[in-house]
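So the chains spell out like this:
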Amino acid sequence: MVRGDDDRERVRAAVNLVEQFAAITKVKRSGRSFTALCPFHQEKTPSLSIDPARGLFYCFGCHKGGDVFTLVQETQGLSFPDALQALARQAGIVLTHRPGDGKRAAERERLVDVMRRAVDFYTRRLLSAADAGPARAYLRSRGYDRALIEKFGLGFSPAEEPSLGTELRSAGVSNSVMERAGLAVRRGWDRGPGDDGVRDRFWGRIMFPIHDLRGDPVGFGARLMSGDGPKYLNSPETPLYRKSRLLYGLHLARREISRSDRAVVVEGYTDVIAMHQAGMESAVATCGTALGEDHLEVLSRLGQRIVLAFDADRAGSDAVLRGERVSRRSGRRLDLRVAELPDGKDPADLLQESRLEEVRQAVDDSRPALQYRMERRLAGVDLTDPESRARAVNELGPLLAAVADQATRAEYERTLSRMTGAGLSEIQAVVRRGARGAGRTGRAGRTGRTGTRRPDTSAASAPRVRDRHAHRGSAVERELLKAVLANHPALRELEVDSTLFGQDLYRQAFQQVEADWRVTPIGQPTPIAWREEGPSDPSEQERSPGEVDRELLAISAEGSEPGDPRPLVIRCRGAALRREMDAIGARMRSLAADDPQRPRLLAQVVELERRRQELTGDLR
């Protein structure tokens, strides 16, 4: 076992899967297992089963399943290496194999430690320092109490000594580390005696710590209280802070997003805090930048519906196109929507005016982003004027062309035809031109240098995956596999091998667990080697489980005890004989009537039928 495998197994053994679920949903004991309300989809009756003996779970409603690493990855949007680190930290385990390069990991931990010290320093100054009085008054006017300040780690950067730099240097933090963390900058002017040339980046501002998905502080947004300078100043790009992938408040919102399958993207930090304060805890915000594809990619791993609750003009064409590109690339169809807020106000202002229900209603009534964009573009257009109508249709055509799903695109074409009065064929021609234009610029598909379109290998164009329940036709084979997973003692007296399984799915599933089943002591369930936790080297990309893994998990999670496996084995053996007879019959039909092989093959069929009849008699 390599070090990465050892780390994984130590963490898995130290973490209680039931307790992990209990922290995010309602869990109830049910015999030897537990049931829970599934955190991955909305439901009123528990459909998720937890098997503590195997350390696995499975939901019969949405068919999500896996182990504790799967749970953390899916509910927190983490990669496997990050999930391993998070659980190891929670269990107090020091990993012997650091995910990723050791030097980079050590540097990251050093910078995160400095950022934690900075958050603590700024919060202490906000809560107690005299020069933070105006900042405290401002936050009180927004309805922020101490609990809310501590929840979001809000702080104040002083305009006088002792500064953050002074405190960090006294703790042994070097100027270069402060600079790499984005907390200090070099002076650009002549310095006097004793001046080391480094000053704090933030002065006289309310500090909003920005965390990554692990919950580690990686940067700051800073609001100016008075004086000259930009109203908001963010951390620069650092080894920790990548604003194109960070969303303010996501570390607090991720569980609610996963549970509700919906994220609400608002304009700023105070909007996020106000939404959480009002109980709408799926709110996040970008960190001083436009909502980009990387942001949508991060959110899509947690929930399908993404509601944009900020200025209507910004929730326009760009957001639609980015959402379609992410859907095409990831294979996860995003439901990108726009919430039109009353009076064009920000959520924080509306909530301060006690208009919570209006905000909730706006989010609940959000419309698909493309529909919203179409309505905005056509508002005020004189649709009786051919040129005005043509300009609007030509502008909207490329947006419709970007929609990957053909059925959805066709519905929007009909909608645009109804909205404008233009003929459907006219709309379709414009959309086709839009698709060709996007293809030439690389926006709607992959093109070579000659402009020839390459085959679309996106998930949207891939063959539809067969429904997993199509394999349920052989109920007997499935019951036999359940007996194997339960390690029924009667199986040891019977001849059980892979030839008993005619369905490819069940045969492969048996072959996957056969070796473990044969050595598992009676009274213990056959272990399932769940493989979603990733490869031996956790720094590599995690791999997804296959259909066989999911079927094994679904069968083991059903909870019901298998019956006597003897009649199951007999029926499967009889079916195996029938398959063998059919194969010989097909071979005989391919031979000439006077072929010398026919008598021998016929004798084999007769013998197989005799054995099958004996098995049938055993069932009586």
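Right above here is the structure, for reference.
Here is what the cut-offs are and how they apply
- Residues numbered from 1 in each chain as written.
- Predicted model: local features only at pLDDT ≥ 70, side-chain atom pairs only at ≥ 80, totals over all residues.
- Heavy atoms only, no water.
- Helix = DSSP H or I, 4+ residues; strand = E, 2+ residues; numbered from the N terminus.
- Contact = heavy atoms within 4.5 Å.
- Polar contact = N/O pair within 3.5 Å; in protein donor to acceptor, adjacent residues only side chain to side chain.
- Pairing = 2+ DSSP bridges.
- Axes fitted to C-alpha atoms, helices over the stretch in contact; angles between N-to-C directions.

A. Highlighting the environment of Ser 49. Its place among the elements puts Ser 49 in strand β3 (residues 48–51). C-alpha separation for the pair Ser 49 and Cys 59, spaced 10 residues apart in sequence, amounts to 6.2 Å. Here Ser 49 is in contact with Ser 33, Phe 34, Leu 56, Phe 57, Tyr 58, Phe 60 and Ala 557, once residues within four sequence places are set aside. Of note is the side chain of Ser 49, whose polar atom sits 3.1 Å from the backbone oxygen of Ala 557.

B. Representation of unusual backbone geometry. Following Glu 161, the chain continues into Pro 162 via a peptide bond in cis, with omega recorded as 0°. Residue position: Pro 162 is located in the loop between β6 (155–157) and α8 (164–170). Its identity is not glycine, yet His 63 carries a phi of approximately 65°, on the positive side. Mapped onto the secondary structure, His 63 falls in the loop between β4 (56–59) and β5 (65–66).

C. Geometry of the sheet that holds β6. If you trace the four strands from one edge of the open sheet to the other, you get β6-β9-β10-β11, paired in antiparallel fashion. Among the strands making up the open sheet, the edge pair consists of β6 and β11 (232–234). On average, each strand axis in the sheet is inclined to that of its neighbour by 35°, with strand direction left out of account. Two elements, strand β10 (residues 217–224) and β11, share three bridges in a ladder whose sense is antiparallel. Residue pairing in the sheet places Ala 222 in a bridge with Leu 233 of β11.

D. Spatial organisation of the environment of Asp 216. Along the chain, Asp 216 falls in the loop between β9 (205–211) and β10. Through-space distance from the C-alpha of Asp 216 to that of His 251 is 8.7 Å; in sequence the pair is 35 residues apart. Excluding its chain neighbours within four sequence positions, the residues that come into contact with Asp 216 are Arg 89, Arg 108, Val 112, Arg 116, Ile 210 and His 211. Among the polar contacts listed, one links the side chain of Asp 216 to the side chain of Arg 108, at a separation of 3.1 Å.

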